[in-house]
Amino acid sequence: MKRKGYLFEEIITFENLYEAFRKAYSGSGRTGETCRFNFNLENELLQLKTEIETERYKPARYRYFKIFDPKERQISVAPFRDRVVHHALVRVIEPVFERSFIFDSYATRVGKGTHRAVERAQKFLRKNFWYLKTDVEKYFDSVDHDILLKLIRRKIKDEKVIRLTEKIIRNSDRSRDLAHGKGLPVGNLTSQFFANVYLDPLDHFIKDRLGVKCYIRYMDDMVISSDSKDDLRDLLKIKETFLAENLELRLNPKATRLNNCLHGLPFLGFMIFPNLKRIRKENLKRVKKRLRQRKNEFEAGIITEEQFAMSVRSVFEHVRFADTYRLRRSFLADWAGVE
């Protein structure tokens, strides 16, 4: 396996740092922190370039908050200048790994995404009667830093890039005053990318070594379909062993499902049948809640009519991906006051 070198120089170019800033800025709120960085943009980027180039760059601590949609999760927010570094790193090293990812890995990849994963899952359900759905228990919290760095070294031989990557990976421990060498902070661009890298060996084991054709992964949500229920039972044991021995992970027993296509496959917010897709009830509740919130914000003058229309259009584009014509009509009828 050929490893890639001479990447550090690409990361620290002013052009790459500027594009990284644009990416980070477009995905951020206009806080005082981001606006100050933008106001002093050239100086900020030159300072970052110098710090990274001389290896004096040191990530700051994360800020944490919790969300409860649908379950409790702790979200980590890096300071804006660190988010710029995250984008600068991923912009350069992601293409190196992208070439080796399997076709049916769909999370955080250009041209992939949830809808294509759902379409692919439905296609596999049309071919096979049985499916096995699994996910990893506490996945982001369980990623081992040393194993992750070994996987990155398989592709990258530039030691300066490795040291920069290690600073970012181990910063989650430092931020939480921990030293156990595990966990990726939820909410970071780098965490999403590293999470894909971490499960890539499992993807190739299942596809290349075991020869499984109907396999899909979206982050740590995985689906295998087959005409043999016994084969899926055997695959479940093999997968559990591989994860434990190679990646120090375990499957979530509460989320493991071995069922047939007639009962539907719950996957990425949809209930998928061979010829039908439905929005899952818990996701539908969140959609309705979100629309009510945006409607109330519009009526209170907090957002403009254009912003409200964009929000509705975005939700409807997602909902219409499933078979929801009557549902969408009922939404509009409720708002218009039609009986």
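Please refer to the structure higher up on the page.
A brief report on the enclosed structure follows. (Residues numbered from 1 in each chain as written. Predicted model: local features only at pLDDT ≥ 70, side-chain atom pairs only at ≥ 80, totals over all residues. Heavy atoms only, no water.)

1. Thoughts on the overall build of the protein
1) Next: The number of helices and strands found in the protein is 14 helices and 9 strands.
2) Next: Residues classed as buried in the protein amount to 48% of the 339 residues present.
3) Next: Expressed as a percentage of contacts within the protein between residues at least 6 apart in sequence, the contacts between residues at least 24 apart total 72%.
4) Next: Within the structure as shown, the protein displays about 18600 Å² of accessible surface, and the carbon and sulfur contribution to it stands at 49%. (Helix = DSSP H or I, 4+ residues; strand = E, 2+ residues; numbered from the N terminus. Buried < 20%, exposed > 50% of the residue type's maximum accessible area, 1.4 Å probe, protein only. Contact = heavy atoms within 4.5 Å. Areas by Shrake-Rupley, 256 points an atom, 1.4 Å probe, with all protein chains shown as cover.)

2. What about the nonpolar core?
1) Next: By size, the foremost hydrophobic cluster in this structure holds 86 residues, and its most contacted members are Val-84, Tyr-139, Leu-148, Tyr-198, Leu-247 and Phe-267.
2) Next: Among the elements that line this core, the one with the most residues is helix H5 (residues 80-98), at 10 residues.
3) Next: In contact with Leu-148, not counting residues within four places along its chain, are Val-143, Ile-169, Leu-184, Phe-194, Val-197 and Tyr-198. (Core = buried A, V, L, I, M, F, W, Y, C linked by side-chain atoms within 4.5 Å.)

3. What about the side chain of Asp-82?
1) Next: For Asp-82, the location among the structural elements is in helix H5.
2) Next: Although Asp-82 is buried, it makes no salt bridge; Arg-81 carries the closest opposite charge, 4.9 Å away.
3) Next: A distance of 2.9 Å separates the side chain of Asp-82 from the backbone nitrogen of Ala-60, its partner in a polar contact.
4) Next: With sequence-adjacent residues up to four places away left out, Asp-82 is seen in contact with Tyr-57, Pro-59 and Ala-60. (Lys, Arg positive; Asp, Glu negative; His and termini not counted. Salt bridge = Lys/Arg side-chain N within 4 Å of Asp/Glu carboxyl O. Polar contact = N/O pair within 3.5 Å; in protein donor to acceptor, adjacent residues only side chain to side chain.)

4. Describing the packing of helix H3 (residues 32-39) against helix H4 (residues 41-53)
1) Next: Where H3 contacts H4, the axes come no closer than 5 Å and their chain directions differ by 90°. In terms of orientation, H3 and H4 fall into the roughly perpendicular class. Residues Phe-37, Asn-38 and Phe-39 of H3 lie in contact with H4, whose contacting residues are Leu-41, Glu-44, Leu-45 and Leu-48.
2) Next: The residue makeup of the contact of H3 with H4, split by class, is 5 nonpolar, 1 polar and 1 charged. (Axes fitted to C-alpha atoms, helices over the stretch in contact; angles between N-to-C directions. Parallel < 35°, antiparallel > 145°, perpendicular 65-115°, else oblique. Nonpolar A, V, L, I, M, F, W, Y, C, P; charged D, E, K, R; others polar.)

5. Quick word on the pairing of strand E5 (residues 221-226)
1) Next: Burial analysis of E5 places 6 of its 6 residues in the buried class, the great majority of the element.
2) Next: What you see with E5 is no split at all: Asp-221, Val-223 and Ser-225 on one side and Met-222, Ile-224 and Ser-226 on the other are buried throughout.
3) Next: Pairing geometry for strand E3 (residues 130-134) and E5, over 5 bridges, is antiparallel. Within the sheet, the bridge partner assigned to Trp-130 lies in E5 and is Ser-226.
4) Next: Sheet topology note: the strand E4 (residues 215-218)/E5 ladder contains 4 bridges and is antiparallel. Residue pairing across strands places Ile-216 opposite Val-223, the latter belonging to E5. (Pairing = 2+ DSSP bridges.)

6. Considering the sheet that holds E4
1) Next: Across the sheet, which stays open at both edges, the 4 strands sit in the order E4-E5-E3-E6 with antiparallel pairing between neighbours. In this open sheet, the two edge strands, each paired with only one partner strand, are E4 and strand E6 (257-260). Each adjacent strand pair in this sheet contributes to an overall mean axis angle of 15°, direction not counted.
2) Next: Across the face of the sheet, helix H10 (residues 189-209) comes into contact with E4 and E5 while running at roughly 175° to E4.
3) Next: Its contacts with the sheet place helix H11 (residues 229-247) against E3, E5 and E6, and it is angled at close to 20° to E3.

7. A word on helix H2 (residues 14-26)
1) Next: For H2, spanning 13 residues, the distance from its first C-alpha to its last is 18 Å, which sits close to the expected 18 Å at 1.5 Å a residue.
2) Next: All of the buried residues in H2 are Asn-16, Leu-17, Ala-20, Phe-21, Ala-24 and Tyr-25. Projection of H2 onto a plane perpendicular to its axis shows the buried side chains occupying an angular sector of 165°, all on one side. Looking at H2, the residues exposed on the side facing more than 90 degrees away from the buried face are Glu-15 and Ser-26.
3) Next: Buried residues in H2 make contact with helix H1 (8-11), H3, H4 and H5. (Expected span 1.5 Å × (residues − 1). Arc of directions from axis to C-beta.)

8. Considerations on the packing of aromatic side chains
1) Next: For the structure shown, the criterion picks out 12 aromatic pairs.
2) Next: Taken together, a centroid distance of 6.3 Å and an interplanar angle of 35° make the contact between Tyr-18 and Phe-21 tilted. Residue Tyr-18 and its partner Phe-21 are located together in helix H2, separated by 3 residues, close to a single helical turn.
3) Next: On the basis of an interplanar angle of 25° and a centroid distance of 5.3 Å, the ring pair of Phe-21 and Tyr-25 is categorised as stacked. (Phe/Tyr/Trp six-rings, centres within 6.5 Å; stacked < 30°, edge-to-face > 60°.)

That is the geometry; function is a separate question.
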